[in-house]
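# Descriptive analysis of the structure
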Amino acid sequence: MSTDRDTLLEHDQSFFDALVANDLDRLKELLADDFLLVGVEDGAVATKQVVLDLVASGSLRFPRIDSFPGEAIVRFHGEVGIVVGRTGMNFTSPEGATFSAGSRYTHVYTADSHGSWRLASAQGTAIKG
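Read on for a plain summary of the structure. (Residues numbered from 1 in each chain as written. Predicted model: local features only at pLDDT ≥ 70, side-chain atom pairs only at ≥ 80, totals over all residues. Heavy atoms only, no water.)

### Here we look at the layout of surface pockets
For clarity, the cut-off: In this analysis a 1.4 Å probe is tested at points of a 1 Å grid over the protein atoms alone, and where it fits but cannot get out there is a cavity; an open set with protein on both sides within 12 Å along at least five of seven lines is a pocket; lining residues have an atom within 4 Å of a point. Grid points are joined across faces, edges and corners, and a volume is the space filled by probe spheres set on the points. By the convention adopted, Pro, Cys, Tyr, Trp, Phe, Met, Ile, Leu, Val and Ala count as nonpolar, Lys, Arg, Asp and Glu as charged, and the other residues, Gly among them, as polar.
What the largest pocket holds in volume is close to 500 Å³. Lining the largest pocket are 31 residues, and of these L37, G39, V40, E41 and F62 lie nearest its centre. Residues that form the lining of the largest pocket fall into these classes: 21 nonpolar, seven polar and three charged.

### Describing the environment of A97
For the record, the criterion: Helix and strand assignments come from DSSP, with helices taken as H or I runs of at least 4 residues and strands as E runs of at least 2, each series counted from the N terminus. Only protein chains enter the area calculation, which uses a 1.4 Å probe; residues under 20% of their type maximum are buried, those over 50% are exposed, and those in between are partly exposed. By definition in these notes, contact holds between two residues if any of their heavy atoms fall within 4.5 Å.
When you line up the elements, A97 lands in the loop between strand 5 (80-92) and strand 6 (98-111). Residue A97 is classed as partly exposed on the basis of its relative accessible area, which comes to 43%. A C-alpha to C-alpha distance of 10 Å links A97 and R61, two positions 36 residues apart in sequence. The residues touching A97, leaving out its near neighbours within four places in the chain, are F91 and T92.

### Focus on the environment of A111
Along the chain, A111 falls in strand 6. Along the chain, A111 and G81 lie 30 residues apart, while their C-alpha atoms are 8.3 Å from each other.

### Brief notes about helix 3 (residues 48-57)
As a reminder, the rule being used: The arc in question is traced by the directions running from the helix axis to the C-beta atoms.
Taken together, the buried positions of helix 3 are K48, V51, L52 and V55. Around the axis of helix 3, the buried residues are gathered within 95° of arc, so they sit on the same side. Elements that come into contact with the buried residues of helix 3 comprise helix 1 (5-21), helix 2 (24-30), strand 1 (31-38) and strand 2 (45-47).

### Notes on the pairing of strand 1
One face of the sheet, then the other: side chains in a regular strand alternate in exactly this way. Rules: For two strands to be treated as a pair, DSSP must find at least two bridges joining them.
Pairing of strand 1 with strand 7 (residues 117-126) involves four bridges; the strand directions are parallel. Considered in strand 7, the bridge of L36 is made with S121. In this sheet, strand 2 lies alongside strand 1 in antiparallel orientation, the contact comprising three bridges. Paired with L37 across the strands is A46, a residue of strand 2. Between the antiparallel neighbours strand 1 and strand 2 lie six residues, among them G43 with a positive phi of about 75°.

### Notes on the pattern of salt bridges
For clarity, the cut-off: Counted as salt bridges are all cases of a side-chain nitrogen of Lys or Arg within 4 Å of a carboxyl oxygen of Asp or Glu.
For the coordinates displayed, the defined rule picks out five salt bridges. Across the pair E29 and R26 runs a salt bridge, and its minimum N-O distance is 2.8 Å. Here E29 and its partner R26 are both found in helix 2, three residues apart, which amounts to about one turn of the helix. Assessed through its relative accessible area of 28%, R26 is described here as partly exposed. One salt bridge in this structure joins D33 and K48, with 3.5 Å as the shortest N-O distance. Of this pair, D33 sits in strand 1 while K48 sits in helix 3, and the two are 15 residues apart along the sequence.

Right under this line is the structure:
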């Protein structure tokens, strides 16, 4: 397990890239089994399986996610890594509504038994104005 800032930011970017590419295999690798997502648009909580199902069905699509790693705050606490960052994203909800938002997010990573980082929790907050 590397406690290097760049390593965690690479994992963060891999998560965003997998969402945009609709890459289910990569998402399965990146997300912890007990992963939870708190949605930026409505605060709804979704498990790993719910997110994977929505992405697989095409109900949840991310045509574009821009990240700003130079602004990210990265901290480590033992086997936990935390990234607070900013994104600009476009996505389509399961109901078919398109949504664009700037967001501030918190991603919590945990080290698995092999020392690899897995995203355990993600929460976004829309940046207004």
